[in-house]
Amino acid sequence: MKARVTVTLKTGVLDPQGKAIEGALASLGFDGVSGVRQGKIFDIELAGADEATTRSAIEAMCEKLLANTVIETYHIDAVA
Amino acid sequence: MKTSIIVFPGSNRDRDLGRAFRRTNGDEPAYVWHDESELPAGTDVVALPGGFSYGDYLRCGAIAARSPVMRAVAAHAKRGGFVIGICNGFQILCESGLLPGVLMRNERLKFLCRTVTLKVENAETPFTRGYGAGALLRMPLAHGEGNYQADARTLTKLEKNGQVVFRYVDEAGAASDSANINGAARSIAGIVNDKGNVLGMMPHPENAIEPLQGSSDGAGLFRSLALTLEKVA
């Protein structure tokens, strides 16, 4: 199974990097950008065909390492 | 006093830290590699040095926090053993859950390397008993991600329990937005866990132990630990 994990900051957590990107977009002349939040994507290839089992394994990976759940949330998508 | 300094790939203040223990207490710390599964027998203090463990990959301290030796460090902390994490060491303690909260990118995004003034907010911890309450200390810091954040409930609890040990202040000892160099919540520079035996701080006391370094104010921290251990023993 291939999965794509997206990790983003929780709502309300200050994202100075996102703010800097937002400022850079404005200085390039992109008007109307009212917010930018930066995140991370992990593409994971995992042996095993049973989607429920692999999904719960990836959830455990997110909880234990890929995301810091104090400030981040994660989303798992199966990719083919 | 028996100190174990943990060395991760990318640690770079481990020698400074060893020297600080040696110069202040005559202590000869052991260096422990990150893939060890046990601490040297009789370890009183575990010290996690500054640096860029694992190149700050994923998140600062995230990979180091999951290395084999950290299970032994967690067990040491659970037994009431003393743990101190400085700079990257503080990040590792937060990532491993031994301290609450998280260290985020500095508010104004810049890597900061300068000497700051800290106020000792709690002089009754094992790490600060050698200082007077409210003492002002000068010591250097050097980090890109030292902006301490936690949810409102955690911050209230830290304040109420006296777990906020050091705060960034101006030269007169007042906390202000301009003195809060990295944007940390409540100007927090260092905290202890609820049991008071685990300390994390961003500034570098190990680089302020003799006049040649511009300040000797950090020496009190290492002396405090020696004082504490004398009393325990």
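Where an unreviewed UniProt entry is consulted, chain B appears under the name Phosphoribosylformylglycinamidine synthase subunit PurQ, with the organism given as Candidatus Raskinella chloraquaticus. Database annotation for chain B, UniProt heading Subcellular location (unreviewed entry): "Cytoplasm".

An unreviewed UniProt entry annotates chain A as Phosphoribosylformylglycinamidine synthase subunit PurS of Candidatus Raskinella chloraquaticus. Reading the Sequence similarities (unreviewed entry) entry of the UniProt record for chain A gives the comment "Belongs to the PurS family." Of chain A, the UniProt comment under Subunit (unreviewed entry) reads exactly: "Part of the FGAM synthase complex composed of 1 PurL, 1 PurQ and 2 PurS subunits."

1. Brief notes about helix H6 (residues 219–232) of chain B
All names here are of chain B. For H6, built from 14 residues, the straight-helix expectation of 20 Å at 1.5 Å per residue is met to within 8% by its first-to-last C-alpha distance of 20 Å. Within the sequence span of H6, burial applies to Ala-219, Gly-220, Leu-221, Phe-222, Ser-224, Leu-225, Ala-226, Thr-228 and Leu-229. Elements that come into contact with the buried residues of H6 comprise helix H1 (14–25), strand E3 (45–48), strand E4 (82–86), strand E9 (164–169) and strand E11 (198–201).

2. Regarding the pairing of strand E10 (residues 188–192) of chain B
Residue and element names in this part refer to chain B. Burial analysis of E10 places 5 of its 5 residues in the buried class, which makes it a mostly covered element. Bridge analysis of E10 against E11 gives 3 bridges, and the strand direction is antiparallel. Among the inter-strand pairings, Gly-190 is bridged to a residue of E11, identified as Met-201.

3. Details of the sheet that holds strand E3 (residues 72–79) of chain A
Residues and elements named next belong to chain A. Strand order across the open sheet formed by 3 strands is E2-E1-E3, with antiparallel pairing between neighbours. Two strands in the sheet have a free side with no partner beyond their single neighbour: strand E2 (39–45) and E3. Here the average twist between neighbouring strands, direction ignored, is 20 degrees. Examined bridge by bridge, strand E1 (residues 2–9) and E3 share 8 bridges and lie antiparallel to one another. When the sheet's bridge partners are listed, Leu-9 is paired in E3 with Glu-72. The strands touched by helix H2 (residues 51–66) within the sheet are E1, E2 and E3, with E3 carrying the most contacts at an inclination of about 155 degrees.

4. Looking at the nonpolar core
Within the largest apolar cluster, 67 residues are counted, with the highest numbers of intra-cluster contacts made by B:Ile6, B:Leu118, B:Tyr148, B:Phe166, B:Tyr168 and B:Leu199. Residues A:Val5, A:Phe42, A:Cys62 and A:Ala67 belong to the second largest nonpolar core, which totals 10 residues.

5. Quick look at the sheet that holds E3(B)
All names here are of chain B. Read across the open sheet, the 9 strands follow the order E2-E1-E3-E4-E11-E10-E9-E6-E7; overall the sheet is mixed. In this open sheet, the two edge strands, each paired with only one partner strand, are strand E2 (30–33) and strand E7 (136–143). Each neighbouring strand pair of the sheet contributes to a mean axis angle of 25 degrees, computed without reference to strand direction. Across the sheet, H6 touches E3, E4, E9 and E11, and the angle it forms with E4 is around 175 degrees.

The rules behind these values
For every chain, the first residue of the written sequence is number 1, and numbering continues from 1 onward in sequence order. Each chain is given a letter, starting from A, and each ligand a number, starting from 1, according to the order in which they appear as written. For a predicted model such as this one, the threshold for reporting local features is a pLDDT of at least 70, and the threshold for listing and counting side-chain atom pairs is 80 or more; totals across whole chains, interfaces and linings nevertheless cover every residue. Hydrogens and waters are ignored; side-chain quantities use all the structure's heavy atoms. UniProt positions are given in the numbering used here, feature names are shortened, and annotations may be inferred rather than shown by experiment. Counting from the N terminus, the helices are the DSSP runs of H or I reaching at least four residues and the strands are the DSSP runs of E reaching at least two. Given the number of residues in a helix, its expected span is that number minus one, multiplied by 1.5 Å. The rule is simple: take the accessible area with a 1.4 Å probe, protein chains only, and divide by the maximum for that residue type; under 20% is buried, over 50% is exposed, in between is partly exposed. In what follows, a contact means two residues having at least one pair of non-hydrogen atoms within 4.5 Å. What makes two strands pair is DSSP finding at least two bridges between them. For helices, the fitted line uses only the C-alpha atoms of the stretch in contact; every axis is such a line through C-alpha atoms, and the angle between N-to-C directions lies from 0 to 180 degrees. We call a set of buried Ala, Val, Leu, Ile, Met, Phe, Trp, Tyr and Cys residues a nonpolar core when their side-chain atoms join them within 4.5 Å.

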